[in-house]
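Secondary and tertiary structure notes
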Amino acid sequence: MQQSIGPAGAHCHLPVVSVDNVSFQYEQRNVLDRLSFDILQRDFVGLIGSNGAGKTTLLRMIVGLIKPTSGEIRLFGTPLGQFRDWERIGYVPQKNAFNPLFPATVREVVLSGLYGRKKLFRRMNKDDLRKCDDAMHALRIEELADRRIGRLSGGQQQRVFLARALVNNPELLILDEPTVGIDSETQESFFHMIRHMHQRHNITFLMVSHDIDMMHAYLGYEPAHTSGKLKFYVKHTHELDNCAETNLAHSLRDLRLAGFEEPAAVR
Ligand SMILES: Nc1ncnc2c1ncn2[C@@H]1O[C@H](COP(=O)(O)OP(=O)(O)OP(=O)(O)O)[C@@H](O)[C@H]1O
């Protein structure tokens, strides 16, 4: 968030998401009112708020699915209306947004994350298939690759959507209650994995979760920013004077949902 920017880190803590005085109304009813905040590179922003507070609405605006009633959103410094680099962003919507009758296999769903908005009809090449395999490996769903997504359990489906969001190696991951419907053991290894991704893979996160214990454990007890019923908790990966760290270039191949060894330094 903007508060964490400082002269020492200014060169590597550029805004990834800038929300500037944004309001949103459904049928003349205010859902968000003059909201302003920045998410900087390497921030992990956890968004907490009661049911109906506008969390999903905010995420949907940030990924361009709905337009603010007023105000401006910029992604990587570009106004949303002109932003085209959607492969830099992975988005996992709320689970119930998915139609269970969708007749696609797991592999097809993960691969569809590569199409982006600008290359819808591009042919898949070997590199694409390798990226897909890596993402399925990371989420431990390679055995499900040829199964119909509609026939999987809720938790398995959620892993598929995470793999789909990861397949482009995004710089920003936006997750809307990603662990709903996942058993507690998988939840734990999932959080373990995203912490690792935050600390070692240079990924910026914006995550909505009702798992307050997990949010507090990683992001602390004091929100960095509050607006209406929304509370933003923030953790930055490293100290501002330590921007030169280079040990971030793992490939997706190195990730694996459960049982991978996390370096002691980032525990
Ligand atoms: N398509 C819609 N038309 C009209 N009102 C809507 C629509 N979608 C959401 N709302 C309303 O906007 C408000 C914010 O909804 P939103 O889904 O953003 O909340 P949320 O904070 O994500 O809630 P939850 O924690 O329950 O997921 C709610 O009062 C909701 O009823």
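Check the entry above for the structure.
Cut-offs used in this document
Residues numbered from 1 in each chain as written. Predicted model: local features only at pLDDT ≥ 70, side-chain atom pairs only at ≥ 80, totals over all residues. Axes fitted to C-alpha atoms, helices over the stretch in contact; angles between N-to-C directions. Helix = DSSP H or I, 4+ residues; strand = E, 2+ residues; numbered from the N terminus. Left-handed = near helix turned anticlockwise from the far one by under 90°. Contact = placed C-beta atoms within 7 Å. Nonpolar A, V, L, I, M, F, W, Y, C, P; charged D, E, K, R; others polar. Pairing = 2+ DSSP bridges. Core = buried A, V, L, I, M, F, W, Y, C linked by C-beta atoms within 7 Å. Buried ≥ 20, exposed ≤ 12 C-beta atoms within 10 Å, placed from the backbone.

On to the packing of helix α2 (residues 106-115) against helix α4 (residues 154-166), then. Contact geometry for α2 and α4: axes closest at 6 Å, N-to-C directions at 35°. For the crossing formed where α2 meets α4, the hand is right-handed. Only V160, A163, R164 and A165 of α4 make contact with α2, whose side of the interface consists of V106, V109, V110, S112 and G113. Classifying every residue of the contact of α2 with α4 by side-chain character gives 6 nonpolar, 2 polar and 1 charged.

Spatial ordering of the open sheet is given by β6-β7-β8-β3-β10-β9, a layout of 6 strands whose pairing is mixed. Two strands bound the open sheet, and with one partner strand each, they are β6 (89-92) and β9 (225-227). Sheet twist, expressed as the average angle between the axes of neighbouring strands with direction ignored, equals 15°. Judged from the 6 bridges that link them, strand β3 (residues 43-48) and strand β10 (residues 230-236) form a sheet pairing that is antiparallel. Following the sheet pairing, D43 is matched in β10 by H236. Those strands touched by helix α1 (residues 55-62) are β3, β7 (172-176), β8 (204-208) and β10, and its axis lies near 150° from that of β7.

Further remarks concern the pairing of strand β2 (residues 29-40). Note that strand β1 (residues 15-26) and β2 share 8 bridges and pair antiparallel. The residue bridging Q25 from the neighbouring strand is N30, located in β2. If you look at the hairpin formed by β1 and β2, you'll find 2 residues sitting between the two strands, and E27 has a positive phi there, around 45°.

This part is about the nonpolar core. Within the largest apolar cluster, 62 residues are counted, with the highest numbers of intra-cluster contacts made by V110, A135, A163 and I174. The leading source of residues in this core is α4, at 6 residues.

The values reported here are purely geometric and, on their own, carry no functional implication.
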